[in-house]
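# Report on the structure
Here is how the chains run, residue by residue.
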Amino acid sequence: MNRKLLDLWVGFFVAFGIAALLFLALKVGNLSSANFSETYALQAKFDNIGGLKVRAPVKSAGVAVGRVGEIRFDPQTYEAVVTINVDARYHFPKDTFASILTSGLLGEQYVGLDVGGDEKLLQAGDVIAKTQSAVVLEKLISQFLFSKASDGPDKK
Amino acid sequence: MTRVTEWVSGLGHVVNEKIARLGFAARFFVMLLVYSGQSFRRFPLTIREIYFSGVLSLLIILVSGLFVGLVLGLQGYETLQRYGSADALGVLVALSLTRELGPVVAALLFASRAGSSVTAEIGLMKATEQLTAMDMMAVNPMARVVAPRFWGGVISMPLLAAMFSAMGVFGGYLIGVVFIGVDDGAFWSQMQSSVDFRQDIINGVIKSFVFGVAVSLIAVFEGYDSTPTAEGVSRAITRTVVTSALAILALDFVLTSFMFRGL
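Residues numbered from 1 in each chain as written. Chains lettered and ligands numbered in written order. Predicted model: local features only at pLDDT ≥ 70, side-chain atom pairs only at ≥ 80, totals over all residues. Heavy atoms only, no water.

## Considerations on the overall build of chain A
Tallying secondary structure elements over chain A gives two helices and eight strands in all. Secondary structure elements in chain A, listed N-terminal to C-terminal, are α-β-β-β-β-β-β-β-β-α. The buried share among the 156 residues of chain A stands at 31%. Counted over contacts in chain A with a minimum sequence separation of 6, partners at least 24 positions apart contribute 63%. (Helix = DSSP H or I, 4+ residues; strand = E, 2+ residues; numbered from the N terminus. Buried < 20%, exposed > 50% of the residue type's maximum accessible area, 1.4 Å probe, protein only. Contact = heavy atoms within 4.5 Å.)

As structure tokens, then:
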């Protein structure tokens, strides 16, 4: 087989391989979307984060605006400190309300930001003051059962 | 009593031999890297090997990728629809292919398709004393024969694994969306939101690169170290396929435990 035909086949092979990689990156993976190039960090303290994981999305009005960067436990206050990296294009008022929500009934958990009405904006490194913890299903059920048990006999 | 001592000394002999062989393999790898520069100066040699191990493996890789994707699509749909989450079919197909099946199955196929032929070629060159003849003519067989075959395999492997995964995703799409009727938009959008470029795709490429190095090294080493007889060459080919398969699966476990720690 002569050199030129060989080069042609190998070139075709390499081009096809790179095309497959691009297909994986752009069509299968999320390189094209949800790629936050410049972010700033905010912190939020929660009593209970439930099943929140690092890299979980941060959403406002249902749109992904950032990702959870770090989760750690604060031994002084016994709270979970969640660092969230928000896309630098978006700024939120000082009284923004952060809550941990679940997408769907069994979906993954994410941080939801409900925007307040303050004139001042949150700056990098600020702490979000108002938070709501994750809903733990067991607690909810036990609360429901307790309330049923306490007002049960009167109703009957 | 003598039988016991015989047995113990026999065991010791086998262990010694294996360890010496491992030492030779390590020395061989270093020599290979040293002479690689010399072989890169004649890059057409490597291109020739990419043709033989990469281009000629295309058919088996693409066809098996397609079939693996088709099976994943069918089986995945079968299980997912019980839980009413058939929309997640794309996620299942794409994640299992990019993380595990793509690199591992492509590497296993590559070892039996290309690795064995490399071993046979080098082993036969040794048996017919072509390697010795090259040495006589002051042509280094490491640079002229071994290094191009090694690098040809290393370059081909990640490309083949990527094609395998892409083909598999296409197969899953064909079964899931075209035949069964999973929603087209949900298939792709759920896939895109759960497959991470760095975490899943780059790690898959790293895996296939490591497998490429392992398989190519085993193939050229077994050929170079084979007993120069017809029987020796055939044994070397068997060893290439068996050792490559074991190395791929063991390395896959090690790499996976490093890459995906409870994420």
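## Comments concerning the interface of chain A and chain B
With 23 residues of chain A in contact, the opposing surface of chain B contributes 28 residues. A buried area of about 2400 Å², summed over both sides, lies between chain A and chain B, and 81% of it is on carbon and sulfur atoms. Of all residues in chain A, the largest losses of buried area upon contact with chain B belong to Phe13(A), Leu24(A) and Val28(A), amounting jointly to 26% of the total for that side. The interface formed by chain A and chain B holds zero salt bridges in total. Applying the counting rule to chain A against chain B returns one residue pair in polar contact (both at pLDDT 80 or more). Looking at the side of chain A that touches chain B residue by residue, the classes come out as 16 nonpolar, three polar and four charged. (Buried area = accessible area lost by both parts, 1.4 Å probe. Salt bridge = Lys/Arg side-chain N within 4 Å of Asp/Glu carboxyl O. Polar contact = N/O pair within 3.5 Å; in protein donor to acceptor, adjacent residues only side chain to side chain. Nonpolar A, V, L, I, M, F, W, Y, C, P; charged D, E, K, R; others polar.)

## Overview of the side chain of Thr96(A)
All names here are of chain A. Positionally, Thr 96 belongs in the loop between strand E4 (79–87) and strand E5 (97–102). Classification of Thr 96 as buried rests on a relative accessible area of 1%. Looking at Thr 96, its side chain comes within polar contact range of the main-chain oxygen of Pro 93, at 2.7 Å. Other than its neighbours up to four places away in sequence, Thr 96 contacts Leu 113, Asp 114, Val 115, Gly 116, Leu 122, Ile 128 and Lys 130.

## What to know about the pairing of strand E3 (residues 63–74) of chain A
Residue and element names in this part refer to chain A. Bridge count for strand E2 (residues 57–60) against E3 is four bridges, and the pairing is antiparallel. Each bridged residue has a counterpart across the sheet, and for Val 58 the counterpart in E3 is Gly 66. Between E2 and E3, which pair antiparallel and follow one another directly, the connecting turn spans two residues, one of which, Ala 61, has a positive phi of 55°. Connecting E3 to the antiparallel partner E4 that follows it, the hairpin turn spans four residues, and Tyr 78 within it adopts a positive phi of roughly 60°. (Pairing = 2+ DSSP bridges.)

## Focus on the UniProt feature "transmembrane region" (unreviewed entry) in chain A
In this structure's numbering, the residues bearing the UniProt feature "transmembrane region" (unreviewed entry) are residues 6–26 of chain A. Within the segment residues 6–26 of chain A, helix and strand shares are 100% and 0% respectively, and the terminal C-alpha atoms sit 30 Å apart. (UniProt positions renumbered as here; feature names shortened; annotations may be inferred.)

## Notes on the nonpolar core
Grouped together as the largest cluster of nonpolar side chains are 51 residues, with contacts concentrated most on Phe13(A) and Met191(B). Going through the elements one at a time, helix H1 (3–28) of chain A together with helix H2 (43–53), helix H3 (58–80), helix H4 (89–127), helix H6 (141–180), helix H7 (184–194), helix H8 (197–224) and helix H9 (230–259) of chain B are the ones with two or more residues in this core. Among the elements that take part in this core, H4(B) stands out by supplying 13 residues, more than any other. Beyond its immediate sequence surroundings of up to four residues, Met191(B) is in contact with Val28(A), Gly90(B), Val91(B), Ala94(B), Val169(B) and Ala186(B). Leu42(A), Val68(A), Val86(A) and Ala134(A) belong to the second largest nonpolar core, which has 22 residues in total. (Core = buried A, V, L, I, M, F, W, Y, C linked by side-chain atoms within 4.5 Å.)

## Brief notes about the pairing of E2(A)
Within a regular beta strand, the side chains point alternately toward one face of the sheet and then the other, so they alternate between its two faces. The pairing of E2(A) with strand E6 (residues 109–114) of chain A spans three bridges and is parallel. When the sheet's bridge partners are listed, Ser60(A) is paired in E6(A) with Leu113(A).

## Examining a nonpolar patch on the surface
Taken together, the side chains of Val135(A), Leu137(A), Leu140(A), Ile141(A), Phe144(A) and Leu145(A) make up a nonpolar region of the molecular surface, amounting to roughly 610 Å² of accessible area. Within the secondary structure layout, Leu140(A) lies in helix H2 (residues 137–155). (Patch = residues over 30% accessible without salt bridge, like charges linked within 9 Å, V, L, I, M, F, W, Y side chains within 5 Å. Areas by Shrake-Rupley, 256 points an atom, 1.4 Å probe, with all protein chains shown as cover.)

## Structural notes on the pattern of salt bridges
Residue and element names in this part refer to chain B. A full pass over the atoms with the stated rule returns twelve salt bridges over all chains. Notably, a salt bridge pairs Lys 207 with Glu 100, separated by 2.8 Å at the nearest N-O pair. With Lys 207 in helix H8 and Glu 100 in helix H4, this residue pair connects regions lying 107 residues apart in the sequence. Across the pair Glu 222 and Arg 239 runs a salt bridge whose closest N-O atoms are separated by 2.9 Å.

## Points about the packing of H1(A) against H7(B)
Running from amino to carboxyl end, H1(A) crosses H7(B) at an angle of 100°, the nearest separation of the two axes being 8 Å. Here H1(A) is positioned roughly perpendicular relative to H7(B), judged by the angle of their axes. For the pair H1(A) and H7(B), the contacting residues are Phe23(A), Leu26(A), Lys27(A) and Val28(A) in the first and Trp188(B), Met191(B) and Gln192(B) in the second. Class assignment of the residues belonging to the contact of H1(A) with H7(B) gives a composition of five nonpolar, one polar and one charged. (Axes fitted to C-alpha atoms, helices over the stretch in contact; angles between N-to-C directions. Parallel < 35°, antiparallel > 145°, perpendicular 65-115°, else oblique.)

## Observations regarding the sheet that holds E6(A)
All names here are of chain A. Sheet architecture is open: eight strands sit in the order E7-E1-E4-E3-E2-E6-E5-E8, paired in mixed fashion. Looking along the sheet, the strands with just one partner apiece sit at the ends: strand E7 (127–128) and strand E8 (130–132). Bridge analysis of E3 against E4 gives eight bridges, and the strand direction is antiparallel. By the bridge assignment, Gly 66 is partnered in E4 with Val 86.

## Considering the domain arrangement of chain A
Assigned domains within chain A: domain 1 (1–32) and domain 2 (39–143). On a C-alpha basis, the centroid separation for the pair domain 1 of chain A and domain 2 of chain A is 42 Å. (Domains from an automatic or database assignment.)

## As for H8(B)
Its 28 residues place the ends of H8(B) 39 Å apart at the C-alpha level, agreeing with the 40 Å of an ideal helix rising 1.5 Å per residue. For H8(B), the N-terminal capping position is held by Asp196(B), with its side-chain oxygen 3.5 Å away from the main-chain nitrogen of Arg198(B). (Expected span 1.5 Å × (residues − 1).)

## Here we look at the environment of Ser117(B)
Residues and elements named next belong to chain B. Within the element layout of this structure, Ser 117 appears in helix H4. Among the residues examined, Ser 117 registers a relative accessible area of 35% and is labelled partly exposed. C-alpha separation for the pair Ser 117 and Tyr 51, spaced 66 residues apart in sequence, amounts to 13 Å.

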